[in-house]
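Residue-level structure breakdown
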Amino acid sequence: MAVPFKRNGVAAGYLVGLNHIASTSLQGYMRELKSDYHRTTIIDAAGRVGAASLDEVVGTTVNPEILRSRSGSSAFVEFLEGEEKMIAVVIDIDHSGWYYVRTQTKASFDGVIYNRSQTLNLTLLAMLVIGVVGITLLGYRTQITRRRADERFQALFQHAPDLVSVLDVNGRIIFSSPSTTSVLGFKAGSLAGHSVFDVVYHDDQPQMREKLDALLADSAGVMRLQCRVRTADGQLRWFDFTASNQMANPALNGVVINARDISENRAFQERLEHEAQHDPLTGLPNRRRMQDKLNSTLSADAVAVLFVDLNGFKPVNDRHGHEVGDELLRQVADRLSACVRAEDVLSRVGGDEFVILMPGVFTPDDAMAMAGRVRYVLELPFRIDGHEIGIGASVGVHLAPAATDPDEALRAADHAMYEIKHSSRLPAGVVIRVGRHRAVD
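In this report, the structure presented in the accompanying data block is examined. (Residues numbered from 1 in each chain as written. Predicted model: local features only at pLDDT ≥ 70, side-chain atom pairs only at ≥ 80, totals over all residues. Heavy atoms only, no water.)

Topic: the sheet that holds strand S8 (residues 162–167)
Rules: The pairing criterion is simple: DSSP has to find at least two bridges between the two strands. Runs of H or I in DSSP of at least four residues are treated as helices and runs of E of at least two as strands, each being numbered from the N terminus. Note on method: axes are straight lines fitted to C-alpha atoms, helices fitted across the in-contact stretch only, with angles between N-to-C directions ranging 0 to 180 degrees. Only heavy atoms enter the contact rule, under which two residues are in contact if any of them lie within 4.5 Å.
The strand order across the open sheet formed by five strands is S9-S8-S12-S11-S10, and the pairing between neighbours is antiparallel. The strands lining the two open edges of the sheet, one partner per strand, are strand S9 (173–176) and strand S10 (222–230). Put simply, the sheet's adjacent strands are angled 25° from each other on average, direction ignored. Across nine bridges, the pairing between S10 and strand S11 (residues 236–246) is antiparallel. Residue pairing across strands places Val229 opposite Arg237, the latter belonging to S11. Strand contacts of helix H6 (residues 205–216): S10, S11 and strand S12 (254–261), with the helix running at about 150° to S10, the strand carrying the most contacts. Contacting S10, S11 and S12, helix H7 (residues 263–277) crosses the sheet at an angle of about 120° to S11.

Take a look at the structure:
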């Protein structure tokens, strides 16, 4: 079916729609016109039948006499089918290039009763055909309007920064918005039928399963969570999920998820958090991070606290400058990092002061062994900008039992370091007591 449209009164083109004839409304109406006395057809300008009261006639061509006798408007055409005289009523359907044709024997056409009602019948049938055509065109235009609305809807989703998905009760993806391609790199529609947990990072799956189960148990529930999602190329990105239970909504019948990529915000927050708890020069945990760890550890376990102060650091700054001094501190941090255990915490708490926490250590042997390693590695020469620099270290050790006040434990280790740094009378190898401090020089 083609609908012409004009621009400034001149034909500009046609809007073409393709319909399966057997299932169209027009063919349905034509079947209702089936009669033992006549055959009803709709033909095009070439005489090909587009709709008919008999299904088997559709697609055939009418008698050539009907085509030759057309006058461009309504007409009666007489012709022969074999030896039978026939007559056809041909009606031009609104100059559309389509014609209504009603064919019957001339004998039946000339019948008295039928003859008197012919004009009324033709008028009613013409109105019926025109009405069917109008209804079909209206339905086609409605489909076009709906399709354009769908295209606008899809365009909005395609370029939206958020992902919209609908999950069934088992967590399978029923629908995913086209933005899945631009945001995650998956082909449009490729995630349909897959479980949402196929793209959620495995460490975050337990939390999401728990939240999803709770959401499904609440018919009006809404939940939020942040988790990592794997992209098509294997990268992990952070997303903020907002999900609502729409199982009772017949238009959706699922869990609707709106997800926004927050990777950049998350990275910025993590960077701020890291900078707030780490020394910018050496990258080691700072005093705040060390105290948090000391507080949490001492609540349930003993901790050996080693307070390390560099000997001879100030002359390095005075003689070689602060750039060399900064590099020396970085190298000191590297050497100390190589000494500590995986479970230990090494931090820089001041200009040339470092603290080592050894959780679970409550006997002197392990603490003294660590103090000896620290003193040894820091007494080895450092090479910086062609200079060979030698320093040492004073190490104060305090063995703090569980439930000790953290500030008191740190203060005791600091005092031990201070005593050994500023007194030459303290002998090496003094026996250490739990809850008491000792110093190592």
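Moving on from the model shown.
What to know about the packing of aromatic side chains
Two numbers describe a pair of aromatic rings. These are the distance of the centres and the angle of the planes. Here is the rule: Any Phe, Tyr or Trp ring, taking Trp's six-membered ring, that has another such ring centre within 6.5 Å forms a pair; planes under 30 degrees apart are called stacked, those over 60 apart edge-to-face, and the others tilted. Geometrically, a lysine NZ or arginine CZ counts as sitting over a ring once it is within 6 Å of the ring centre and also within 35 degrees of the ring normal.
For the coordinates displayed, the defined rule picks out one aromatic pair. If you follow Arg209 out to its NZ or CZ, it ends over the ring of Phe197, 3.8 Å from the centre. Above the plane of the ring of Phe382 lies Arg335, whose end atom (NZ or CZ) is 3.5 Å from the centre.

A short note on a nonpolar patch on the surface
Rules: A patch consists of residues exposed above 30% relative accessible area that lack any salt bridge, with like charges linked at up to 9 Å and nonpolar side chains (Val, Leu, Ile, Met, Phe, Trp, Tyr) linked at up to 5 Å. Residue-level accessible areas treat just the shown protein chains as cover; the underlying method is Shrake-Rupley with a 1.4 Å probe. Should a side-chain nitrogen of Lys or Arg be within 4 Å of a carboxyl oxygen of Asp or Glu, the pair is scored as a salt bridge.
A cluster of nonpolar side chains, contributed by Tyr14, Val16 and Leu18, occupies part of the molecular surface with about 390 Å² of accessible area. Along the polypeptide, Val16 turns up in strand S2 (residues 10–16).

So, the pairing of S8
Let me state the cut-off plainly: Exposure categories follow from relative accessible area, calculated using a 1.4 Å probe and restricted to protein chains: below 20% of the type maximum is buried, above 50% is exposed, and the middle band is partly exposed.
By the criterion of burial, S8 is predominantly enclosed, with six of the six residues buried. Burial along S8 is two-sided: Asp162, Val164 and Val166 facing one way and Leu163, Ser165 and Leu167 facing the other are all buried. With six bridges joining them, S8 and S12 adopt antiparallel strand pairing. Within S12, the residue paired with Ser165 across the bridge is Ile257. Connecting the antiparallel pair S8 and S9 is a turn made up of five residues, with Gly171 showing a positive phi of about 85°.

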